[in-house]
Amino acid sequence: MMVSSKIRRFPAIAAALALTLGITSCGEDSPPSGAAEDRDLGQATIVLGGKVITWAAAYVAVCEGYFEDHGLDVELTVSPQGTTAAIAGLVSGDALSAMTGAPASVSPIREGAPVQMLFNASIGYGVQVVGSNDVLAKKNVTEQSTLEERVHALRGETVAILNPGDSIDQLLRFVLPKFGMDPDKDIRMLALSNYSNMFAAMKTDKIGVLAGSPPNGNQAESQDLGKILFTGNEFEEIANYPYLVGSANTREIAQNPDRVKALVAGIDDAMKLLRDDPAAAKPCMQKEFADLDAKTFDAAYDYAVQSIPDSPLITPEVFGSLAEFAEASGEPLGVDYEKAVAADIVKDSVG
């Protein structure tokens, strides 16, 4: 049953990311953790870069008590300032884990912050790109329009993203050149930090296009703001992309590995339920996204279930997909697998 007090909004984080750059830590792995009933690993905060249904594993792990099964009392928070604040909270030590899009997790690693990617929570590329009703009419976009015509509808439009360099930004930089467009000249990207700002801007015609993870595209359609023009999943090259990842502080990994293992184990348990019995996990998600109408929720939930990876481990192959996509988008990762991914502690957590 959903414990509402375990999921709250995340306050603004004052800690500056720049102050922590260059601080790294490492240490030997601890022995395997004992039985969950013998441990009390204390309280932990997990901060989400946005409230999206593709974070299903985190919500279900809290709702079903999976973190508690492994000795960890977890509270989920949602950052109103987006992924930048979520990562800042992780770097400052305010959060045990930050859950964001993959590009946001790589940036601090590249800059020398004490952060590593920990687990993969969603495979594929779930960004939904929505055109306003005005754009659809102006560009003569219909259900019969080709993918090329739908992408070309973005030309000359202001496109809302969350933050520069995020998963939306990178998708646009990957897609537009495929159809002869320059993302720096043919569209204007406007960073609005959260989806509430995006919806408000589209309602007042300040933007013609918005993009984000489910259920935001589905919800824009249900509110009659516009229609989904295309999604990242329409491109086979990024079918194995680690769209959403959880990151951890390297100091926490070294000093409190049992807490990190409990986090990963709880996520893994939730993933198994979502894969094996999605109907059993659905009530938890319905409570968390009670504001969505049934049609919007069902479409978003079905996608979330289908995007659950077979394992939370970010494998070299999955990381390779991320690196190839970043290169094609003009934003190379600048870090290798060993530096970026805390693979060993994940392997210890899930076997």
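Nothing here was measured: the structure is a model prediction, and the numbers come from that model. (Residues numbered from 1 in each chain as written. Predicted model: local features only at pLDDT ≥ 70, side-chain atom pairs only at ≥ 80, totals over all residues. Heavy atoms only, no water.)

A look at the overall build of the protein chain
Step number 1: The helix and strand tally for the protein chain stands at 16 helices and 11 strands.
Step number 2: Out of the 351 residues in the protein chain, the part that is buried amounts to 58%.
Step number 3: Counting only carbon and sulfur atoms, one obtains 48% of the accessible surface of the protein chain, whose full area is about 14,200 Å². (Helix = DSSP H or I, 4+ residues; strand = E, 2+ residues; numbered from the N terminus. Buried < 20%, exposed > 50% of the residue type's maximum accessible area, 1.4 Å probe, protein only. Areas by Shrake-Rupley, 256 points an atom, 1.4 Å probe, with all protein chains shown as cover.)

Observations concerning the state of the cysteines
Step number 1: On inspection of all chains with the given rule, the structure shows 1 disulfide.
Step number 2: Across a sulfur-sulfur distance of 2.1 Å, C63 and C284 are joined as a disulfide pair. One disulfide, between C63 and C284, carries an S-S torsion of -75° and so falls in the left-handed class. A residue pair is termed long-range when its members are at least 10 positions apart, and C63 in helix α1 (residues 56-63) and C284 in helix α12 (residues 278-288) qualify at 221 residues.
Step number 3: C284 gets classed as buried once you look at its relative accessible area, which sits at 5%. (Disulfide = S-S within 2.5 Å.)

Some thoughts on the packing of aromatic side chains
Step number 1: In total, this model carries 10 aromatic pairs according to the counting rule given.
Step number 2: Both rings, one in F174 and one in F235, keep their centres 6.2 Å apart while their planes meet at 85°; by these two values the pair is edge-to-face. With F174 in helix α7 (residues 167-175) and F235 in the loop between β10 (226-231) and β11 (242-249), this residue pair connects regions lying 61 residues apart in the sequence.
Step number 3: Of the residues examined, F235 reaches a relative accessible area of 6% and is grouped as buried.
Step number 4: With 4.9 Å between their ring centres and 50° between their planes, F174 and F325 make a pair best called tilted. Of this pair, F174 sits in helix α7 while F325 sits in helix α14 (residues 316-328), placing them 151 residues apart in sequence.
Step number 5: You can call F325 buried: its relative accessible area is 2%.
Step number 6: One aromatic cluster is present, built from ring pairs that chain together Y125, F174, F230, F235, Y241, Y243 and F325.
Step number 7: Positioned above the aromatic ring of F289 is the side chain of K51, whose terminal nitrogen or guanidinium carbon lies 5.1 Å from the ring centre. (Phe/Tyr/Trp six-rings, centres within 6.5 Å; stacked < 30°, edge-to-face > 60°. Lys NZ or Arg CZ within 6 Å of the ring centre and 35° of its normal.)

With respect to the nonpolar core
Step number 1: The biggest cluster of nonpolar side chains holds 121 residues, and the ones touching the most others in it are M117, L118, L154 and F319.
Step number 2: Ranked by residues supplied to this core, first place goes to helix α11 (residues 257-276) with 9 residues.
Step number 3: Those residues in contact with M117, other than ones at most four positions away along the chain, are S105, V106, I109, V245, G246, S247, I314, F319, L322, A340, V341 and A342. (Core = buried A, V, L, I, M, F, W, Y, C linked by side-chain atoms within 4.5 Å. Contact = heavy atoms within 4.5 Å.)

Let's talk about the packing of α11 against α12
Step number 1: Following both chains from N to C, one finds α11 and α12 inclined at 115°, their axes separated by 6 Å at the closest point. Counting all contacts with α11, which are made through L273, L274, R275 and D276, the residues of α12 involved are P278, A280 and A281.
Step number 2: Split into classes, the residues belonging to the contact of α11 with α12 amount to 5 nonpolar, no polar and 2 charged. (Axes fitted to C-alpha atoms, helices over the stretch in contact; angles between N-to-C directions. Nonpolar A, V, L, I, M, F, W, Y, C, P; charged D, E, K, R; others polar.)

Let's talk about the side chain of Q128
Step number 1: In this structure, Q128 sits in strand β6 (residues 128-132).
Step number 2: We classify Q128 as buried; its relative accessible area is 7%.
Step number 3: With sequence-adjacent residues up to four places away left out, Q128 is seen in contact with L210, A211, G212, S213, P214, P215, N216, G217, N218, I228, F230 and T231.

Structural notes on the environment of L263
Step number 1: Position of L263 relative to the elements: it lies in helix α11.
Step number 2: Taking the C-alpha atoms as reference points, L263 and Y66, 197 residues apart in sequence, are found 9.1 Å from one another.

Considering the environment of R173
Step number 1: Mapped onto the elements of the fold, R173 is located in helix α7.
Step number 2: With relative accessibility at 17%, the residue R173 sits in the buried group.
Step number 3: If we ignore the near neighbours within four places in the chain, the residues touching R173 are P183, D184, M189, A328 and S329.
Step number 4: Within the local environment of R173, its side chain forms a polar contact with the side chain of D169, the two groups lying 2.6 Å apart. (Polar contact = N/O pair within 3.5 Å; in protein donor to acceptor, adjacent residues only side chain to side chain.)

As for α14
Step number 1: With 13 residues, α14 extends 18 Å between its outermost C-alpha atoms, agreeing within 8% with the 18 Å of an ideal straight helix rising 1.5 Å per residue.
Step number 2: Listing the buried residues of α14 in full gives V318, F319, S321, L322, F325 and A326. Relative to the axis of α14, the buried residues are bounded by an arc of 150° and lie together on one face. Those residues of α14 that are exposed and angled more than 90 degrees off the buried face are E317, E324 and E327.
Step number 3: In this structure, the buried residues of α14 make contact with α4 (102-110), β5 (115-123), α7, β11 and α15 (337-340).
Step number 4: G330 sits one or two residues past α14 and shows a positive phi near 85°. (Expected span 1.5 Å × (residues − 1). Arc of directions from axis to C-beta.)

Regarding the packing of α7 against α14
Step number 1: Orientation of α7 relative to α14, taken along the N-to-C sense of each, is 65°, at an axis distance of 8 Å. Where α7 abuts α14, its residues Q170, L171, R173 and F174 lie against F325, A326 and A328.
Step number 2: Here the residues of the contact of α7 with α14 are counted per class, giving 5 nonpolar, 1 polar and 1 charged.

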